[in-house]
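Listed below, chain by chain, are the residues.
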Amino acid sequence: VPSSRAKDERFCKAIENAGGRVVQTPMKSERLALGLLRNRGAQIAKGKYLLFWDLDLLPSEDLLENLRDWLDSGQRPFAIVPSLYASAAGTRQFVNECLFDNDRSISAFYQHRRDLILHLALNTSTVAITKDYYSSLGGFDERFLDHGLEDLDFLLRLALNDGSVPIPSDLLTDARHQSPAFSSGFRSILNLLSL
């Protein structure tokens, strides 16, 4: 089994092979503004597209190609990438050479194999976006500290600016539901965009 560092290096190499630029910045801090790191990465990026990716995720073999095709199609200048979270047993079964087997994991999800798939996250911090569109939105809010809120804020601004989904009257409600079909509040519009 490759080490975590080897996995990170392999994915970074795939990004570089796809024409991207990878910059790693080690930081030591008790409180970290992830929005600041994301904005700095976007500032030094030289390509047309940006990909915000958490290193604890494993990509499918065709993820980068699919994202580039989606953005090139012009349907939307961004894509929110859902993630399936596998159990330890699922990870052993679905991961081969640091790549995630989408077909088998999605099949397990639809078969309600809770022993293999813990949950589906539609609203994730994994976002592919054109650099111009990212800049037009003002990037991430750097005032958020620690984890998560800068992503939800950014995703919500993406949704509100997109205009293709109805804005619910309970927009500021944060209620989690087992199924996306029962979503409410801001998660309902984010789920629509992710799906």
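Q: Just give me the short version of the pattern of salt bridges, but keep the residues and values in it.
A: Under the criterion given, the structure shown has ten salt bridges. Two residues, arginine 38 and aspartate 54, come together in a salt bridge whose shortest N-O distance is 3.4 Å. Of this pair, arginine 38 sits in helix H2 (residues 34–44) while aspartate 54 is found in the loop between strand E1 (49–52) and helix H3 (63–73), placing the two residues 16 residues apart along the sequence. Notably, a salt bridge pairs aspartate 101 with arginine 104, separated by 3.9 Å at the nearest N-O pair. Judged by relative accessible area, which is 41%, arginine 104 ranks as partly exposed. When salt bridges with common partners are traced through the structure, they connect Arg38, Asp54, Glu150 and Asp151 into a single cluster.

Q: Can you explain helix H5 (residues 102–110)? Please cite residues and give values.
A: Where H5 starts, the residue carrying a side-chain oxygen 3.2 Å from the main-chain nitrogen of aspartate 103 turns out to be aspartate 101. Among the residues trailing H5, histidine 112 stands out with phi positive, at a value near 55°.

Q: Account for the environment of arginine 143, with residues named and values stated.
A: Position of arginine 143 among the secondary structure elements: in the loop between helix H6 (131–136) and helix H7 (149–162). Overall, the relative accessible area of 71% leaves arginine 143 in the exposed class. Counting along the chain gives 98 residues from arginine 143 to alanine 45, while the straight-line C-alpha distance between them is 22 Å. Within polar-contact distance, the side chain of arginine 143 engages the side chain of aspartate 141 at 2.6 Å.

Parameters at a glance
Residues numbered from 1 in each chain as written. Predicted model: local features only at pLDDT ≥ 70, side-chain atom pairs only at ≥ 80, totals over all residues. Heavy atoms only, no water. Salt bridge = Lys/Arg side-chain N within 4 Å of Asp/Glu carboxyl O. Helix = DSSP H or I, 4+ residues; strand = E, 2+ residues; numbered from the N terminus. Buried < 20%, exposed > 50% of the residue type's maximum accessible area, 1.4 Å probe, protein only. Polar contact = N/O pair within 3.5 Å; in protein donor to acceptor, adjacent residues only side chain to side chain.

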